[in-house]
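Each chain is listed here by its residues.
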Amino acid sequence: MSGPLSFLVASPHLRGEVFEGSVILLLEHDQTGAMGLIVNAPTSQTVSELMPDTAGQDVPAWLGGPVDPTLGWCLYPKALGLDGEVQLVGDLAMTSSLEVLRAVFESGQPYMLVLGYSGWSKGQLTEEAREGVWVWVEQDSAELLWNYPAEDRWHEALRRLGVNPQTIMRGGAQA
């Protein structure tokens, strides 16, 4: 991946949905659709509860979205130089490899084990953005993930744009 990270920040008008208050790391967006991971929704389960052979991994697992929660991704700041890693930006790598995940555990660095994903069909995300469902935030680093607790990421992402959530009007961009 080259270029900045794109985060989708849920409009304050998005209520009663799985995406209410969400910050989503956008991984793919092209003519066939889009895919991303919610990065501010820790679950009540720890990694050790999900993977009993990983004693001591008492950090929460994260809900990446409503699509296929049996799939998992690991986000972490420092790539280890192993097959199966993708370097997204300087301080964010990603893997779906169980071998790399175990190496990340052993490295002692922070990580997020994200289950499921958020997906959009062809043109759906573009239309939702046009309707004002999402605010796009681009960042050159992943400090939003590593330096802010989950409950602060939505406000911090909007703050980085200089946006007060109370000033976002319902209905999105109209041309």
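Coordinates for the structure precede this section.
An account of the accompanying structure is given in this report.

## Here we look at the pairing of strand S9 (residues 112-121)
Across a regular strand the side chains alternate sides, sitting on one face of the sheet and then on the other. Counted residue by residue, S9 has seven buried out of ten residues, so it is predominantly covered. Strand direction decides the pairing type here: strand S3 (residues 33-38) and S9, joined by four bridges, are antiparallel. Bridge pairing in S9 places Ala34 opposite Trp120. Inspection of the sheet shows strand S5 (residues 60-63) paired to S9 by three bridges, in the parallel sense.

## So, unusual backbone geometry
One can expect most non-glycine residues to show negative phi and most peptide bonds to be in trans. Backbone geometry places Asp68, a non-glycine residue, at a positive phi of 40 degrees. Among the secondary structure elements, Asp68 is positioned in strand S6 (residues 67-76). Residue classification places Asp68 among the partly exposed residues on the basis of a relative accessible area of 34%.

## Description of the packing of aromatic side chains
Each aromatic ring pair is specified by the distance between its two centres and by the angle formed by the two planes. Taken as a whole and assessed by the stated rule, the structure comprises five aromatic pairs. With centroids separated by 5.0 Å and ring planes inclined at 50 degrees, the aromatic side chains of Phe105 and Tyr111 adopt a geometry described as tilted. For the pair Phe105 and Tyr111, a shared accessibility class is recorded, and that class is buried. Look at Trp120 and Trp134: their rings are 6.1 Å apart centre to centre, the planes differ by 85 degrees, and that puts the pair in the edge-to-face class. On the criterion of sequence distance, the pair formed by Trp120 in strand S9 and Trp134 in strand S10 (residues 134-139) is long-range, its members being 14 residues apart. Through successive ring pairs, a cluster of aromatic residues spans Phe19, Trp120 and Trp134.

## Overview of the environment of Val89
As for its position among the elements, Val89 is in strand S7 (residues 85-89). Val89 sits in the buried class, given a relative accessible area of 10%. Sequence separation between Val89 and Ser44 is 45 residues; the distance between their C-alpha atoms is 29 Å.

## Focus: the nonpolar core
Ranked by internal contacts, the top residues of the largest apolar core, which has 39 residues, are Phe7, Leu25, Leu75, Leu92 and Trp134. Every residue in contact with Leu92, bar those within four places of it in the chain, is listed here: Leu5, Leu25, Leu75, Tyr76, Pro77, Val86, Gln87, Ala142, Leu145 and Trp146. Val47, Ala93, Val100 and Leu115 belong to the second largest nonpolar core, which has 13 residues in total.

## Some remarks on the pairing of strand S2 (residues 23-30)
For strand S1 (residues 5-10) and S2, the ladder comprises four bridges, and the chain directions are antiparallel. Across the sheet, the residue bridging to Leu8 is Ile24, located in S2. Inspection of the sheet shows S2 paired to S3 by six bridges, in the antiparallel sense. In the strand pairing of S3, Glu28 is matched with Met35. Linking two consecutive strands that pair antiparallel, namely S2 and S3, is a turn of two residues.

## A short note on the environment of Val114
Relative to the helices and strands, Val114 is located in strand S9. Val114 sits in the buried class, given a relative accessible area of 0%. Distance in space between the C-alpha atoms of Val114 and Trp62 is 4.5 Å, their sequence separation being 52 residues. Contacts of Val114, omitting those with residues within four sequence positions, involve Leu37, Ile38, Trp62, Leu63, Gly64, Leu71, Gly72, Trp73 and Leu75.

## Quick notes on the side chain of Gln109
With respect to the helices and strands, Gln109 occurs in the loop between helix H2 (98-107) and S9. Taking relative accessible area as the criterion, Gln109 reaches 11% and is therefore assigned buried. Among the polar contacts made by the side chain of Gln109, one reaches the main-chain amide nitrogen of Lys78 at a distance of 2.7 Å. Side chain to side chain, Gln109 and Ser107 meet in a polar contact 3.2 Å long. Not counting residues up to four positions away in its chain, the partners in contact with Gln109 are Tyr76, Pro77, Lys78, Leu80 and Val104.

Each value, and the rule that gives it
- Residues numbered from 1 in each chain as written.
- Predicted model: local features only at pLDDT ≥ 70, side-chain atom pairs only at ≥ 80, totals over all residues.
- Heavy atoms only, no water.
- Buried < 20%, exposed > 50% of the residue type's maximum accessible area, 1.4 Å probe, protein only.
- Helix = DSSP H or I, 4+ residues; strand = E, 2+ residues; numbered from the N terminus.
- Pairing = 2+ DSSP bridges.
- Phe/Tyr/Trp six-rings, centres within 6.5 Å; stacked < 30°, edge-to-face > 60°.
- Core = buried A, V, L, I, M, F, W, Y, C linked by side-chain atoms within 4.5 Å.
- Contact = heavy atoms within 4.5 Å.
- Polar contact = N/O pair within 3.5 Å; in protein donor to acceptor, adjacent residues only side chain to side chain.

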